[in-house]
Amino acid sequence: MKKIALFASGSGSNAENIIHYFKDSDAVEVTLILTNNASAGVIERGKRLDIPVVVFSRNNFSKSDTVIRLLKNNETDWIILAGFLWLVPENLIRAFPGRIINIHPALLPKYGGKGMWGHHVHEAVVNNCESESGITIHHVNEHYDEGEIIFQATCPLTQEDTADSVAQKVHELEYRYFPAVIEAEILRN
Ligand code: GAR
């Protein structure tokens, strides 16, 4: 059984979708949720779904091995970033080489980098009158949104689309593809 730790900073609807997907799996289980945000919606979801949630501070995450020790004690095999907004520090990347996956709500390499998350991404896409957007699932390295791409899916946009409607289209793609792509990547390695 491969163990996943989910990192999320906000609502956690992707985290919940992933937890449901692996609930009856013989190969993969979600054993932990970690968040940097003490008021994140994902905390309530974790409680409801019976998955332990840990809140960590900036210092614990970026300037110590506290989070790594927690993950290792939990025998974590893979880390999945599902709406997680902080840059992953080098010590964590070294501790889980090739075993950290992120989802980004746009078609990288466009609309990536520091500050490009959630609504900021969708507003930029709409402001640039893009004819499509989508999702990118990728490995994580020490730079925002620059790790090797595993999978992308697109959705068409029209002139009528707003940041909210783009967010909805992108979320639909995330729910449809993210869990299965995680599963395939874990089973392949
Ligand atoms: C998702 O759309 C995810 O792609 C995005 O945050 C949202 C979280 O939604 N991630 C980023 O922007 C990372 N740069 P959720 O909390 O409902 O799963």
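This report concerns the structure included in the present document. (Residues numbered from 1 in each chain as written. Predicted model: local features only at pLDDT ≥ 70, side-chain atom pairs only at ≥ 80, totals over all residues. Heavy atoms only, no water.)

### Some points on unusual backbone geometry
Selection rule: Secondary structure counts use DSSP, requiring at least four H or I residues in a row for a helix and at least two E residues in a row for a strand, with both numbered from the N terminus. Relative accessibility under 20% of the residue-type maximum defines a buried residue, over 50% an exposed one, and the middle range a partly exposed one, all with a 1.4 Å probe and only protein chains included.
Residue L108 is joined to P109 through a cis peptide bond whose omega torsion reads 15 degrees. Residue position: P109 is located in the loop between β5 (100-104) and α6 (118-127). The phi dihedral of Y111 falls on the positive side, at around 60 degrees, and the residue is not glycine. Relative to the helices and strands, Y111 resides in the loop between β5 and α6. Its identity as a non-glycine residue notwithstanding, D145 has a phi of 65 degrees, on the positive side. Relative accessible area serves as the criterion here: at 14%, D145 is assigned to the buried category.

### Remarks on the side chain of E16
Our working rule: In this description, contact between two residues means that some pair of their heavy atoms is separated by no more than 4.5 Å.
Within the secondary structure layout, E16 lies in helix α1 (residues 13-22). On the basis of relative accessibility, which here comes to 12%, the residue E16 falls in the buried class. Discounting chain neighbours no more than four positions away, the residues touching E16 are R45, R48 and L49.

### A closer look at the nonpolar core
Note the threshold: As used here, the term nonpolar core means buried Ala, Val, Leu, Ile, Met, Phe, Trp, Tyr and Cys residues forming a set that is joined through side-chain atoms within 4.5 Å.
Counting 37 residues, the largest nonpolar core has I4, L6, I18, V30, I80, F178 and I182 as its most contacted members. A per-element tally of this core places helix α7 (residues 163-188) first, with 7 residues. When residues no more than four places from it in sequence are discounted, the contact partners of F178 are N14, I18, I80, L81, A82, I101, N102, I103, I137 and L173. Counting residues in each nonpolar core, the second largest holds 19 residues, with F61, I68, L81 and F96 among its members.

### With respect to the sheet that holds strand β4 (residues 78-81)
To keep things clear, this is the line we draw: A pair of strands counts as paired when DSSP detects no fewer than two bridges linking them. Where helices are involved, their axes are fitted lines through C-alpha atoms of the stretch in contact, as for all axes, and angles between N-to-C directions lie from 0 to 180°.
Sheet architecture is open: 7 strands sit in the order β3-β2-β1-β4-β5-β6-β7, paired in mixed fashion. At either end of the open sheet lies a strand with only one pairing partner, and these are β3 (53-55) and β7 (149-156). On average, each strand axis in the sheet is inclined to that of its neighbour by 20 degrees, with strand direction left out of account. In the sheet, strand β2 (residues 28-35) pairs with β3 via 3 bridges, with the strands oriented parallel. In the strand pairing of β3, L34 is matched with V54.

### Digging into the packing of α1 against helix α2 (residues 41-49)
Which entries qualify depends on this criterion: If an angle is under 35 degrees, it is roughly parallel; if it is over 145, roughly antiparallel; if it lies from 65 to 115, roughly perpendicular; otherwise it is oblique. Handedness of a crossing is defined here by the sense of rotation of the near helix relative to the far one, left-handed for an anticlockwise turn of less than a right angle and right-handed for a clockwise turn. Asp, Glu, Lys and Arg are counted as charged, while Ala, Val, Leu, Ile, Met, Phe, Trp, Tyr, Cys and Pro are counted as nonpolar; the rest, among them Gly, fall into the polar class.
Relative orientation of the contacting elements α1 and α2 amounts to 20 degrees, with a least axis distance of 9 Å. On the basis of their axis angle, the class for α1 and α2 is roughly parallel. Considering how the two elements wind past one another, α1 and α2 form a crossing that is right-handed. On the side of α1, the interface is formed by S13, A15, E16, I19 and H20, while α2 contributes V42, R45, R48 and L49. Its residues placed into classes, the contact of α1 with α2 shows 4 nonpolar, 2 polar and 3 charged.

### Points about the pattern of salt bridges
For the record, the criterion: Any carboxyl oxygen of Asp or Glu within 4 Å of a side-chain nitrogen of Lys or Arg constitutes a salt bridge here.
As enumerated under the stated definition, the model contains 7 salt bridges in all. Between E16 and R45 there is a salt bridge whose closest N-O contact spans 2.7 Å. Of this pair, E16 sits in helix α1 while R45 sits in helix α2, placing them 29 residues apart in sequence. E130 is the salt-bridge partner of K110, the closest N and O atoms lying 3.0 Å from each other. Taken together, the residues span a long stretch of sequence, with K110 in the loop between β5 and α6 and E130 in the loop between α6 and β6 (132-139) at a distance of 20 residues.

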